[in-house]
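Each chain is listed here by its residues.
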Amino acid sequence: RLLSKAMRNWFFMDSFLVVLPWMDFVYTTWIHQDSEVSVSNLFKLIKLAKVLRLVRIMRFCGELGVMAMMIVSSLHSLFWLLILLVSLLYMIALIVTDGCTDFLKENQDNAALAEAYERVQVAYG
């Protein structure tokens, strides 16, 4: 036997992933009918299985696997950082909008600030 059981499974998966684009090519060029679009979509969906090859690469490259796990573990912190940034931007937008509203209310009849009043009115309503 040339391949162990674990390697045989990887071989079948790789063979399937290599044969699949050829099957899709044959289907789309010679057999394709407009009424059977779902089969073509199925081929496209199965093509996503090529991502499984990355799992195999991770086994052979230990450092790459460590880097990938570090990126995945940092996603939790990245999520909270984005929440913090969005809330900070929202608070700044509220402060600016409140300031512009106060400016518009206070200077509605001020002729000296008519040009600034118009610009703020156009920008912030």
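Residues numbered from 1 in each chain as written. Predicted model: local features only at pLDDT ≥ 70, side-chain atom pairs only at ≥ 80, totals over all residues. Heavy atoms only, no water.

**Thoughts on a nonpolar patch on the surface**
Selection rule: Exposure above 30% relative accessible area and the absence of a salt bridge qualify a residue for a patch, where like charges join within 9 Å and nonpolar side chains (Val, Leu, Ile, Met, Phe, Trp, Tyr) within 5 Å. Method for areas: the Shrake-Rupley scheme with a 1.4 Å probe, in which residue coverage is limited to the protein chains shown. Each reported salt bridge corresponds to a side-chain nitrogen of Lys or Arg within 4 Å of a carboxyl oxygen of Asp or Glu. In this text, helices come from DSSP runs of H or I with a minimum length of four residues, and strands from runs of E with a minimum of two, each type numbered from the N-terminal end. Exposure classes here rest on a 1.4 Å probe applied to the protein chains alone. A residue is buried below 20% of its type maximum, exposed above 50%, and partly exposed in between.
Nonpolar side chains collect at one region of the surface, where Val72, Leu75, Leu78, Leu81, Leu82, Leu84, Leu85, Leu88, Met91, Ile92, Val96 and Tyr124 lie side by side and expose about 1100 Å² of accessible area between them. Along the chain, the position of Leu85 falls in helix H4 (residues 62–106). Residue class for Leu85 comes out partly exposed when judged on its relative accessible area of 42%.

**Topic: H4**
As a reminder, the rule being used: To estimate the expected span of a helix, count its residues, drop one, and scale the result by 1.5 Å. Each residue is assigned a bend, namely the angle between axes fitted to the seven residues that terminate at it and the seven residues that start at it.
Counted at 1.5 Å a residue, the expected span for H4 with its 45 residues is 66 Å, and the 66 Å between its end C-alpha atoms agrees. Of all the bends found along H4, the most pronounced is centred on Leu75 and spans about 35°. For H4, every residue scored as buried is listed here: Gly65, Cys100 and Leu104.

**Some words on the confidence of the model for the chain**
Note the threshold: Scored from 0 to 100, pLDDT records how confident the predictor is in each individual residue.
Looking at the chain, pLDDT values average 78 and 71% of them are 70 or higher. The least confident element of the chain is helix H2 (residues 37–47), whose mean pLDDT is 63; the most confident is H4, at 91.

**Remarks on the packing of aromatic side chains**
Formally: Think of it this way: a Phe, Tyr or Trp ring, Trp meaning its six-membered ring, pairs with another when their centres are within 6.5 Å, and the plane angle makes it stacked under 30 degrees, edge-to-face over 60, tilted otherwise.
Taken as a whole and assessed by the stated rule, the structure comprises one aromatic pair. With a centroid separation of 5.1 Å and 70° between ring planes, the pair formed by Phe79 and Trp80 is classed as edge-to-face. Under the relative-accessibility criterion, Phe79 is labelled partly exposed at 45%.

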